[in-house]
Amino acid sequence: MARKKSDRRRQLERAAMYPLDWLEERSGLVGGVRYFLFRKVPGDTNWFHTLGSATLTAFLVQLVTGVILAMYYKPDPKSAHASIDHITHEVTLGWLVRGMHKWGASVFIILMFMHMGRVFLFGAYKYPRELNWIIGVLLLATGLFEGLTGYLLPFDQTAYWATVVAININGTAPFVGPFLASLLRGGAEIGPDTLARFYSLHMLLIPGALLGLITLHLYLVIRLGVTSPPWSSEAAGSGRPPEPPPAQAGLVRPRPRAAVKGRPTE
Amino acid sequence: MSALDDRRRRFTQYKEDVKKRGKPFYPYAMFHDTVMSLVVVCVIFLLAVVWRYGWFGDALGPLNGPKADPGTTSFVPRPDWYFYFLFYLLRIFKWPESVILATVGIPTILLIILLALPFVDLRTERRLGRRPVAVVAAVLVVISMGVLTYKGATAKEAIAAEVKAAVPSWAKKEGFAGNKEALAGANLFAVSACTNCHTYLGTGSSNLGAPDLSAEGAKGKGIQFQISHLKCPSCVNSGSPMPAFADLGQDNLKKLATFLEASKGGK
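Since we're looking at a predicted model, the values are computed, not measured. (Residues numbered from 1 in each chain as written. Chains lettered and ligands numbered in written order. Predicted model: local features only at pLDDT ≥ 70, side-chain atom pairs only at ≥ 80, totals over all residues. Heavy atoms only, no water.)

**Q** Tell me about the side chain of His32(B), and please be specific about residues and values.
**A** Looking at the secondary structure, you find His32(B) in helix 2 (residues 25-53). For His32(B), a relative accessible area of 18% corresponds to the buried category. In this structure, His32(B) is in contact with Asn46(A), Trp47(A) and Thr50(A), ignoring residues within four places of it in sequence. (Helix = DSSP H or I, 4+ residues; strand = E, 2+ residues; numbered from the N terminus. Buried < 20%, exposed > 50% of the residue type's maximum accessible area, 1.4 Å probe, protein only. Contact = heavy atoms within 4.5 Å.)

This is how it looks when you write it as structure tokens:
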């Protein structure tokens, strides 16, 4: 009886695993995900290490809410403002989607700065992670540019005049300034083309760039590993921890992982 | 052993340590990440709710501002809050010749410093207690960005009534007190929100790289030029972001032009 059951179970397991095995044989993706999930990280990673994934979460919120907003928004100066009103007051839960997009942008930018601060204070930009720091700086600049282009889209007074300032600031740059400014404006004056340009940049070019940079960023994190805190005994850079003192008879020495709260004992 | 070899050795050591004593990403680190992500989504959700229902005295601002009107004469050019620190730099560098420092110079320098950081700081030391320069730099950056953001957030646009109160002192300093047409122009200048972008004898704020007008008359451009410039700034000065003021009417424009031409820099 028992043998029969286990036969059946084996059969069931094989059937359940079949799609995964199929995928793995043809792509290696299952192994990739398994590596991602079960790769070792330093034993003393802590809440500070969640700022990066928190930033990613804020970005994903922007992605989802942004796609929904694009279904209702009309990027032309005559109807942009009215379509925003429509989203805010008439579309079911439109206020929530727009509100989360509007405030998610701020949260995303705050988290980028906090994540950068953490990486700086932990010295995590040092060898061999220099390239990932550079990608992070580019992400910050691109993220800020995403905020700048999105700010015009509600097409209210503040947005319009802030964009006039922003474009003019671009225009003061030496050599490329005037060219950049007229590229952003879509002509000599701020007109209907300007809004369409900002819309296209805001929802095609810049998010695409952000996605690409984020992918590279994560690839390097996984490849190089998570930096342990600077006070860690496992820190790359703090040198080899001193050899543990010989165990005293009758005392059970704590395992390293249990000791991470205080100063490392070994 | 060269410095690079030393860094390589440390990294190999780190990889071995993590392999031997680390814990798997799932479920340990992933648990932290998941909790934090939920917190982030909840915070964004709450911000949206507070904004929608105008709680805490409309702390998060109105749902929607008035529609953009390129022909308006009074406006508040105000970026999103995370640009306030740059926005306030514009006010510090009031003189037209130095505006480029605030708009392009400082941000470019900051970006270059950030990009160069891992190549400048080559020490392997990561403990904060032994990185005094890094700690001081971090504290200075946080303080200065905080102060600039706060100043940018609380910066008030010039209020017409307050600017108008300064007109008699302008007349005295610039010496046009006897010129009725210029006086009327000065009052117009004060209430037409010109000082939102231009400065005049220290009043107003510099925006859009708009020049200080205290000595506009000393350039000898003439009343006719001033009138046609006010009517359509970008026709006279191609690329000028200044809005057109043609709808003020010929009389008012003439007063403004007279006032500008009477402004020789003060004493």
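**Q** Explain the interface of chain B and chain A to me, using residue names and the numbers behind them.
**A** Contacts between chain B and chain A engage 79 residues on the former and 93 residues on the latter. The junction of chain B with chain A conceals about 8100 Å² of combined surface from both sides, 67% of it contributed by carbon and sulfur atoms. Among the residues of chain B in contact with chain A, Tyr14(B), Arg21(B) and Arg126(B) are the three that bury the most area, contributing 11% of the side total. The tally of links between chain B and chain A comes to one salt bridge. Viewed at the interface, chain A and chain B are joined by 27 residue pairs in polar contact (both at pLDDT 80 or more). Of the residues in the side of chain B that touches chain A, the class split is 49 nonpolar, 11 polar and 19 charged. Bridge count for strand 1 (residues 40-41) of chain A against strand 1 (residues 23-24) of chain B is two bridges, and the pairing is antiparallel. Residue Val41(A) lies in a different strand from strand 1 of chain B, and its bridge partner there is Lys23(B). (Buried area = accessible area lost by both parts, 1.4 Å probe. Salt bridge = Lys/Arg side-chain N within 4 Å of Asp/Glu carboxyl O. Polar contact = N/O pair within 3.5 Å; in protein donor to acceptor, adjacent residues only side chain to side chain. Nonpolar A, V, L, I, M, F, W, Y, C, P; charged D, E, K, R; others polar. Pairing = 2+ DSSP bridges.)

**Q** Pulling in residues and values, what's your account of the side chain of Thr57(A)?
**A** By the secondary structure assignment, Thr57(A) is in helix 3 (residues 51-72). Those residues in contact with Thr57(A), other than ones at most four positions away along the chain, are Ser37(B) and Val41(B).

**Q** Give a description of a nonpolar patch on the surface that names residues and reports values.
**A** All names here are of chain A. A surface patch of nonpolar side chains, about 700 Å² in accessible area, is lined by Leu60, Leu63, Val64, Val67, Ile68, Met71, Tyr72 and Leu211. Here the nonpolar patch gets seven residues from one element, more than from any other, and that element is helix 3. Following the sequence through the fold, Leu211 ends up in helix 9 (residues 192-224). Exposure remark for Leu211: the relative accessible area of 39% places this residue in the partly exposed category. (Patch = residues over 30% accessible without salt bridge, like charges linked within 9 Å, V, L, I, M, F, W, Y side chains within 5 Å. Areas by Shrake-Rupley, 256 points an atom, 1.4 Å probe, with all protein chains shown as cover.)

**Q** Tell me about the packing of helix 3 of chain A against helix 5 (residues 94-121) of chain A, and please be specific about residues and values.
**A** A pair of packed helices can be characterised by two numbers: the angle between their axes and the separation between those axes. Residue and element names in this part refer to chain A. Viewed as axis vectors pointing N to C, helix 3 and helix 5 meet at an angle of 155°, and their least axial separation amounts to 8 Å. Classified by the interaxial angle, the pair formed by helix 3 and helix 5 is roughly antiparallel. Of the two elements, helix 3 crosses helix 5, and the hand of that crossing is left-handed. Its residues assigned to classes, the contact of helix 3 with helix 5 comprises 15 nonpolar, eight polar and two charged. (Axes fitted to C-alpha atoms, helices over the stretch in contact; angles between N-to-C directions. Parallel < 35°, antiparallel > 145°, perpendicular 65-115°, else oblique. Left-handed = near helix turned anticlockwise from the far one by under 90°.)

**Q** Go over the nonpolar core, please, and point to the residues and values.
**A** Among the nonpolar cores identified, the biggest contains 59 residues, and Tyr73(A) and Trp133(A) are the most heavily contacted of them. Both of domain 1 (18-65) and domain 2 (76-155) of chain B provide at least three residues apiece to this core. Judged by nonpolar contacts, the second largest core, of 24 residues, contains Ala166(B), Ala257(B), Leu260(B) and Ala262(B). (Core = buried A, V, L, I, M, F, W, Y, C linked by side-chain atoms within 4.5 Å. Domains from an automatic or database assignment.)

**Q** Tell me about the pattern of salt bridges, residues and numbers included.
**A** Considering all chains together, one arrives at 11 salt bridges over all chains under this definition. Between Asp121(B) and Lys126(A) there is a salt bridge, and its shortest N-O distance comes to 3.1 Å. With Asp121(B) in the loop between helix 5 (99-120) and helix 6 (132-154) and Lys126(A) in the loop between helix 5 and helix 6 (130-152), this pair bridges two chains. Taking the relative accessible area as the measure of exposure, Asp121(B) reaches 16% and is therefore buried. You can call Lys126(A) buried: its relative accessible area is 6%. Of the charged contacts, one joins Asp5(B) and Arg8(B) as a salt bridge, the two residues approaching to 3.8 Å between their closest N and O atoms. Of this pair, Asp5(B) and Arg8(B) both sit in helix 1 (residues 3-21), separated by three residues, roughly a single helical turn. One connected set of salt bridges, linked through shared partners, spans Asp6(B), Arg9(B) and Arg10(B).

**Q** Help me get a handle on helix 8 (residues 177-185) of chain A, residues and values and all.
**A** All names here are of chain A. Those residues of helix 8 not exposed but buried are Gly177, Ala181, Leu184 and Arg185. Angularly, the buried residues of helix 8 cover 95° about the axis, an arc narrow enough to put them on a single face. As for helix 8, its buried residues are in contact with helix 6, helix 7 (157-171) and helix 9. Backbone geometry just after helix 8 places Gly186 at a positive phi near 75°. (Arc of directions from axis to C-beta.)

**Q** Requested: an account of unusual backbone geometry, with residues and values cited.
**A** Residue Tyr127(A) is joined to Pro128(A) through a cis peptide bond whose omega torsion reads 0°. Secondary-structure assignment places Pro128(A) in the loop between helix 5 and helix 6. Note that the residue after Tyr26(B), namely Pro27(B), is joined by a cis bond; omega there is 5°. Tracing the sequence through the fold places Pro27(B) in helix 2. Unusually for a residue other than glycine, Phe155(A) sits at a positive phi of about 55°. Summarising the element assignment, Phe155(A) is placed in the loop between helix 6 and helix 7. Look at Phe56(B): it is not a glycine, yet its phi comes out positive at around 55°. With respect to the helices and strands, Phe56(B) occurs in helix 3 (residues 55-58). For Phe56(B), a relative accessible area of 70% corresponds to the exposed category.

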